[in-house]
Each structure stands twice: as structure tokens, then as C-alpha cells.
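The primary structure of each chain is shown beneath.
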Amino acid sequence: MGVSVFENCTSLTNVTLGNMIIGASQFKGCTGMIAFTVPAQINSIGESAFMNCSNLTVITYNAENCTLMGSYDNPVFGGSTSITQFYIGASVNTIANYAFKNCGSVTEIHAAPANAPLFTGFDTQYGFTDIAQSIPVYVPCDRSSYYQNATCWNHFSNYIEDYPYLVIVTTN
């Protein structure tokens, strides 16, 4: 999809993506959106893609190897001041720098990968700088030390081991 395809579509509430790129300003100003799932196959999210989505509260991020997400001056979620939760899927390996820039309203992060996803790019120090250090970060059981020692993830001080390993219980 191209640049600004759905820009200012205030009645857009749900979308299913099949391509590998979310273009610049693609969902900018889509105030009807309250949640969005970034699919596994996405490898690039353009500048200001979700800028000013003022009612967007929950992001589920499943992109396994997204290496480009906005820029310092035009972060992906800039102005989307209602985002409170990020869910990071178990298969996510990398997160592009600036992914969470201007996301100061985030109150919790749920990270399912066994190992902390790597931040890519030359400015990795901006990984979580706008998010409070004390928010709870939920990680898999016995994995908090991997997150606490990883670049950008070491920004946080409140790790909660919450994701148990898969246990299958059968009864007769």
C-alpha cells in the first residue's frame, strides 16, 4: 500500500494487512482505531504511520524482523497519546529504533519472546526513552535476567515473570 492511503479515515476501526510494508502516514489521524496488530510479515513501517491516532490504546506487535520504523523526527506512533499497552509476540526477533518514541502513555509492556528482541539501527538508545522506567514489563518465566541485561530493555526496573512455558494438561 502506498503513502497516506487511509490518512484521516476517522471511521476506520479495523484493517487486515497482507503486504510487508506499512507506508508513511498510512493510518495517520485514524481516530476510530482503538487497537492494531502488526502482522508477522511486516518488515517496514513508514514515518508517522500511526501519528495522531488519538484513540489507539493497544498495539500487538508480531513483526518478526521489522528493521525500519519511522525516524527520530517522525516516529511511528507520534501524537498517539492514548497507547497504554504493547504486546510483543513470541516470534519477534528485532525491533527497529524509534519504535516506541513518543509513547509516554504506555503503562505496561507484555513481551513473549524467550530472549529480548534486539533493537536495530544506529540510535538504539532511543528504544524506550519516552516510557517510564517503573512500568511493569511482563516477560516469560525465568527470563527477566535476559531482558534486564539487553540493550534498551535495561531501561526498565520492574520485570514480572508472567508468561509460563506451555503446559498441556490432560484428564481422563
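Keep in mind that what you see is a predicted model, and the values were worked out from it rather than measured.

The rules behind each value
- Residues numbered from 1 in each chain as written.
- Predicted model: local features only at pLDDT ≥ 70, side-chain atom pairs only at ≥ 80, totals over all residues.
- Heavy atoms only, no water.
- Helix = DSSP H or I, 4+ residues; strand = E, 2+ residues; numbered from the N terminus.
- Contact = heavy atoms within 4.5 Å.
- Areas by Shrake-Rupley, 256 points an atom, 1.4 Å probe, with all protein chains shown as cover.
- Buried < 20%, exposed > 50% of the residue type's maximum accessible area, 1.4 Å probe, protein only.
- Core = buried A, V, L, I, M, F, W, Y, C linked by side-chain atoms within 4.5 Å.
- Pairing = 2+ DSSP bridges.
- Phe/Tyr/Trp six-rings, centres within 6.5 Å; stacked < 30°, edge-to-face > 60°.

**Q** In this structure, what is going on with the overall build of the protein? I would like to understand it.
**A** Within the protein, the regular secondary structure consists of 1 helix and 11 strands. The N-to-C order of helical and strand elements in the protein reads β-β-β-β-β-β-β-β-β-β-α-β. Taking the intrachain contacts of the protein between residues at least 6 apart in sequence as the baseline, contacts between residues at least 24 apart amount to 53%. Just so you have it, the protein exposes about 8100 Å², and 51% of that area is on carbon and sulfur atoms.

**Q** Looking at this structure, I do not really get the side chain of S48. What am I missing?
**A** On the secondary structure map, S48 appears in the loop between β3 (44-45) and β4 (58-61). Since its relative accessible area comes to 6%, S48 is described here as buried. Non-local contacts of S48, meaning those with residues more than four positions away in its chain, are made with S25, K28, N74, P75 and V76.

**Q** What is the right way to look at the nonpolar core in this model?
**A** Nonpolar side chains in soluble globular proteins tend to end up buried together. Of all hydrophobic cores here, the largest spans 46 residues; its most connected members are F36, I45, F50, F77, I109 and W153. Those elements giving two or more residues to this core turn out to be β2 (35-38), β4, β6 (85-88), β7 (94-96), β8 (108-111) and β10 (136-140).

**Q** What's the story with the sheet that holds β3 in this structure? I'm lost.
**A** Note: strands within a sheet are paired through backbone hydrogen bonds, in either parallel or antiparallel orientation. A sheet is described by the order of its strands in space; here 3 strands give the open sequence β1-β3-β5, paired in parallel fashion. In this open sheet, the two edge strands, each paired with only one partner strand, are β1 (21-22) and β5 (68-69). Note: β3 against β5, 2 bridges, orientation parallel. Of the residues in β5, the one forming a bridge with S44 is L68.

**Q** Got a minute to help me understand the packing of aromatic side chains in this structure?
**A** Centre-to-centre distance and the angle between the planes together describe a pair of aromatic rings. Applying the stated criterion across every chain yields a total of 15 aromatic pairs. With a centroid separation of 5.4 Å and an interplanar angle of 5°, the aromatic rings of F6 and F27 are classed as stacked. Note that F6 is positioned in the segment before β1 and F27 in the loop between β1 and β2, a separation of 21 residues in sequence. The interplanar angle of 75° and the centroid separation of 5.1 Å between the aromatic rings of F119 and F128 together place this pair among those described as edge-to-face.

**Q** Could you clarify how one ought to interpret the side chain of S25 in this entry?
**A** You can see S25 is positioned in the loop between β1 and β2. Setting aside anything within four residues of it in sequence, one finds S25 in contact with S4, E7, E47, S48 and A49.

**Q** How do you make sense of unusual backbone geometry when you look at a structure like this?
**A** Leaving glycine aside, a negative phi is the common case for residues, and trans is the common case for peptide bonds. Positive phi values are uncommon outside glycine, yet N8 reaches one of about 60°. Under the relative-accessibility criterion, N8 is labelled exposed at 51%. Here the phi dihedral of S48 falls at roughly 60°; this positive angle occurs in a residue that is not glycine.

**Q** Even after reading the chapter, I still don't get the pairing of β4, so can you show me in this structure?
**A** Of the two faces of β4, the one lined by I59 and Y61 is fully buried and the one lined by V58 and T60 carries no buried residue. In the sheet, β2 pairs with β4 via 4 bridges, with the strands oriented parallel. Following the sheet pairing, A35 is matched in β4 by V58. Here β4 pairs with β6 via 4 bridges, running parallel. The residue bridging I59 from the neighbouring strand is F86, located in β6.

**Q** Help me understand the environment of I160 in this model?
**A** Relative to the elements of secondary structure, I160 occurs in strand β11 (residues 158-163). Judged by relative accessible area, which is 28%, I160 ranks as partly exposed. Sequence spacing of I160 and Y138 is 22 residues, and the spatial spacing of their C-alpha atoms is 4.8 Å. When near neighbours in sequence (up to four residues on either side) are disregarded, I160 contacts P136, V137, Y138 and V139.

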